[in-house]
Amino acid sequence: MAKVKTTFFCQNCGTQFAKWQGQCNACKEWNTIVEELIQTSVKSDWKSPTSVVKKVAVPLRIKDIDSSKEARLDTFDGELNRILGGGVVPGSLTLLGGEPGIGKSTLLLQVSLKLPYKTLYVSGEESQKQIKMRAERINPDNSNCYILTETKTQNIFKQIEALEPDVVIIDSIQTLHSDYIESSSGSISQIKECTTELIKFAKETATPVILIGHITKDGNIAGPKILEHMVDTVLQFEGDRNHVFRILRAHKNRFGSTNELGIYEMQGTGLREVSNPSEILISKKDEELSGNAVAATLEGMRPLMIEVQALVSTAVYGTPQRSATGFNSKRLNMLLAVLEKRAGFRLGAKDVFLNITGGITVDDPAIDLAVVAAILSSNEDVALQKDFCFAAEVGLSGEIRPVQRVEQRILEAEKLGFSAIFVSKYNKISLKNTAIKIQMISKIEDLVGFIV
Ligand code: TYD
Ligand code: MG
């Protein structure tokens, strides 16, 4: 019988301590150190200890290392391929995080059902029947997808050795436990151990493994921060559960860029890839309404036309109300202050409500001008022409500042049939003969002239 030992782990950063203490030396958090049982005398490995393959690495001259492009496995999902940089890399570990109910299991089950390779979907959360019911909603016939409901890693590896799948999906890393460690599933030492075993398995057999991870209340992936360091790619699935749109982003990607973004729509039959998001995010209306403006933003590398709605009304109470959905409210206050100074907007006497449609949160500063235009339009109760759009940042002195990659935004607006786009005069634009009118402005007063 192996000797049982306990160690102390910080639940916040995963640092290990020999004894308990009140504050973690590494992350300076208080009361995060918890005792966990561990068993260290058995060497952890994904294969049974007798069959361990020992490979000895030898140093190679950098010019001798084979640099031919890593073959990637197509995931047969356009959005996922784009985010991963063209498909999953064999032997890589990908972690998909997201709030409960956002659709992580749905996304990966859907991907496994589409794959023409032998896929093993290991679930520690749902029964085979439940998964079958879900699969029937998505795409019932696929003979390459195997479902295993198991949480012990040693048993999972036994099944893997027998089945030899091309892709392994684990739902979720927090439900797994390994015999080599005695603490409960979901604890830091279990997550670390199970991930280590999975990494060894992935690297030795060149099988891509995709893990689902839970996130904590503040949006971080549950478990030690080192989990994110251990895996090759960290994807985050986000969105508002009350809205149908889901956004998939890469937070870390050893094999590609982290600027890419995928958009899905949750339907009754699973997640649908949205390849042209702008068309859905802009409401098609015949009437022109005051308080609406369209911004040409960029999410990652993708141009996205987003509708901004503002409502300005006379404040009834002493303190005017400010409310922003999908937009930073501090920035809204700043823009209102600029408007007060530059456009005679009586800030103290107005309630201002701002909403970015589609349940999307926008960080791109290029949305500023559309926010300002929507507020001015609602304040004056004059509708903007509905085929106008905006792409510029607004500075503290009311100057219209240039934004990056403005040409890409202009081309997207042109493609969607907008007749004019307002951009900063200081943006260098070399586009010629565009069907869309490029309106260059340098200060807020210029914009007021167009609206009022
Ligand atoms: P789920 O994928 O289980 O989320 P997670 O694994 O991230 O916790 O949940 C997805 C949600 O989407 C669930 O509330 C039901 C809903 N749903 C649909 O709207 N359409 C579908 O086709 C499926 C399978 C689920
Ligand atoms: Mg799930």
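The model shown is predicted, which means the values in this text are computed figures rather than measured ones.

Moving on, we get to the site of ligand 1. Taken together, 15 residues are adjacent to ligand 1, and Gly-101, Ser-105, Thr-106, Gln-267 and Gly-270 come closest. The contact in question runs from an oxygen atom of ligand 1 to an N or O atom on the backbone of Gly-101, over 2.7 Å. A distance of 3.4 Å separates an oxygen atom of ligand 1 from a polar atom in the backbone of Ile-102. Surface burial for ligand 1 is 75%, taken as the share of its 550 Å² of free accessible area covered by protein chains. Elements represented by at least two residues in the shell around ligand 1 include exactly helix 2 (104–114), helix 3 (128–138) and strand 11 (261–267). Among the elements that line the shell around ligand 1, the one with the most residues is helix 2, at three residues.

Once that is clear, we can look at empty space enclosed by the protein. Within the structure shown, the criterion is met by three cavities of 30 Å³ or more. Estimates place the volume of the largest cavity at around 50 Å³. Lining of the largest cavity is provided by Leu-80, Leu-84, Val-88, Thr-94, Leu-96, Leu-107, Leu-108, Ile-210 and Leu-235. Among the elements of the structure, helix 1 (78–84), strand 4 (93–98) and helix 2 are those that each provide at least two residues to the lining of the largest cavity. Within the lining of the largest cavity, the residues separate by chemical class into eight nonpolar, one polar and no charged. Lining the second largest cavity, in full, are Thr-75, Val-88, Val-111, Leu-115, Val-167, Ile-169 and Ile-210.

Attention now goes to the pairing of strand 13 (residues 292–299). Burial analysis of strand 13 places eight of its eight residues in the buried class, which makes it a mostly covered element. The alternating pattern of strand 13 places Asn-292, Val-294, Ala-296 and Leu-298 and Ala-293, Ala-295, Thr-297 and Glu-299 on opposite faces, both of which are buried. Note that strand 13 and strand 14 (residues 302–314) share eight bridges and pair antiparallel. Across the sheet, residue Ala-293 finds its bridge partner in strand 14, namely Val-308. In sequence, strand 13 turns back onto strand 14 through a hairpin of two residues, with Gly-300 there showing a positive phi of about 65°.

Below, the discussion takes up the side chain of Ser-442. Topologically, Ser-442 is positioned in the loop between strand 21 (437–441) and helix 11 (444–451). Beyond its immediate sequence surroundings of up to four residues, Ser-442 is in contact with Gly-398, Glu-399, Ile-400, Lys-425 and Tyr-426.

Within the fold, Asn-81 resides in helix 1. Side chain to side chain, Asn-81 and Thr-75 meet in a polar contact 2.6 Å long. Leaving out residues up to four positions away in the same chain, Asn-81 has contacts with Asp-74, Thr-75, Phe-76, Gly-86 and Gly-87.

Direction vectors running N to C along helix 8 (residues 329–343) and helix 11 enclose 80°, while the axes themselves pass 10 Å from each other. Taken together, helix 8 and helix 11 sit at an angle that is classed as roughly perpendicular. Of helix 11, the residues touching helix 8 (which contributes Val-338, Leu-339, Arg-342 and Ala-343) are Ile-444, Glu-445 and Val-448. Tallied by class, residues from the contact of helix 8 with helix 11 come to five nonpolar, no polar and two charged.

This paragraph deals with the nonpolar core. In terms of nonpolar packing, the biggest core is built from 47 residues, with Val-308, Leu-369, Val-371, Ile-375, Phe-390 and Leu-447 touching the most fellow members. A total of eight residues in this core trace back to one element, the largest contributor, which is helix 9 (residues 368–380). Look past the residues within four positions of Leu-447 in its chain and what remains in contact with it is Leu-369, Val-372, Ala-373, Leu-376, Phe-390, Phe-422 and Ile-441. With 28 residues, the next largest nonpolar core counts Ile-102, Phe-237, Leu-248 and Leu-271 among its residues.

For the chain, the assigned domains are domain 1 (1–42), domain 2 (74–273) and domain 3 (280–451). Between domain 2 and domain 3, the contact holds 14 residues from the first and ten residues from the second. At the boundary of domain 2 with domain 3, total buried surface from both sides reaches about 960 Å², with 63% on carbon and sulfur atoms. Of all residues in domain 2, Phe-245, Asn-259 and Leu-261 bury the most surface against domain 3, accounting for 45% of the area lost on that side. Counting every contact that joins domain 2 to domain 3 gives one salt bridge.

Take the environment of Cys-24 next. Tracing the backbone shows Cys-24 in the loop between strand 2 (16–17) and strand 3 (33–39). Overall, the relative accessible area of 0% leaves Cys-24 in the buried class. On a C-alpha basis, the gap between Cys-24 and Tyr-180 in space is 26 Å, while along the polypeptide they are 156 residues apart. In this view, Cys-24 contacts Cys-10, Cys-13, Thr-15, Phe-17, Glu-29, Thr-32 and Ile-33; residues no more than four positions away in its chain are not counted.

Definitions and cut-offs
Residues numbered from 1 in each chain as written. Chains lettered and ligands numbered in written order. Predicted model: local features only at pLDDT ≥ 70, side-chain atom pairs only at ≥ 80, totals over all residues. Heavy atoms only, no water. Near = heavy atom within 4 Å. Polar contact = N/O pair within 3.5 Å; in protein donor to acceptor, adjacent residues only side chain to side chain. Areas by Shrake-Rupley, 256 points an atom, 1.4 Å probe, with all protein chains shown as cover. Helix = DSSP H or I, 4+ residues; strand = E, 2+ residues; numbered from the N terminus. 1 Å grid on protein atoms, 1.4 Å probe; cavity = no way out; pocket = protein on both sides within 12 Å on 5 of 7 lines; lining within 4 Å. Points joined across faces, edges and corners; volume = space filled by probe spheres on them. Nonpolar A, V, L, I, M, F, W, Y, C, P; charged D, E, K, R; others polar. Buried < 20%, exposed > 50% of the residue type's maximum accessible area, 1.4 Å probe, protein only. Pairing = 2+ DSSP bridges. Contact = heavy atoms within 4.5 Å. Axes fitted to C-alpha atoms, helices over the stretch in contact; angles between N-to-C directions. Parallel < 35°, antiparallel > 145°, perpendicular 65-115°, else oblique. Core = buried A, V, L, I, M, F, W, Y, C linked by side-chain atoms within 4.5 Å. Domains from an automatic or database assignment. Buried area = accessible area lost by both parts, 1.4 Å probe. Salt bridge = Lys/Arg side-chain N within 4 Å of Asp/Glu carboxyl O.

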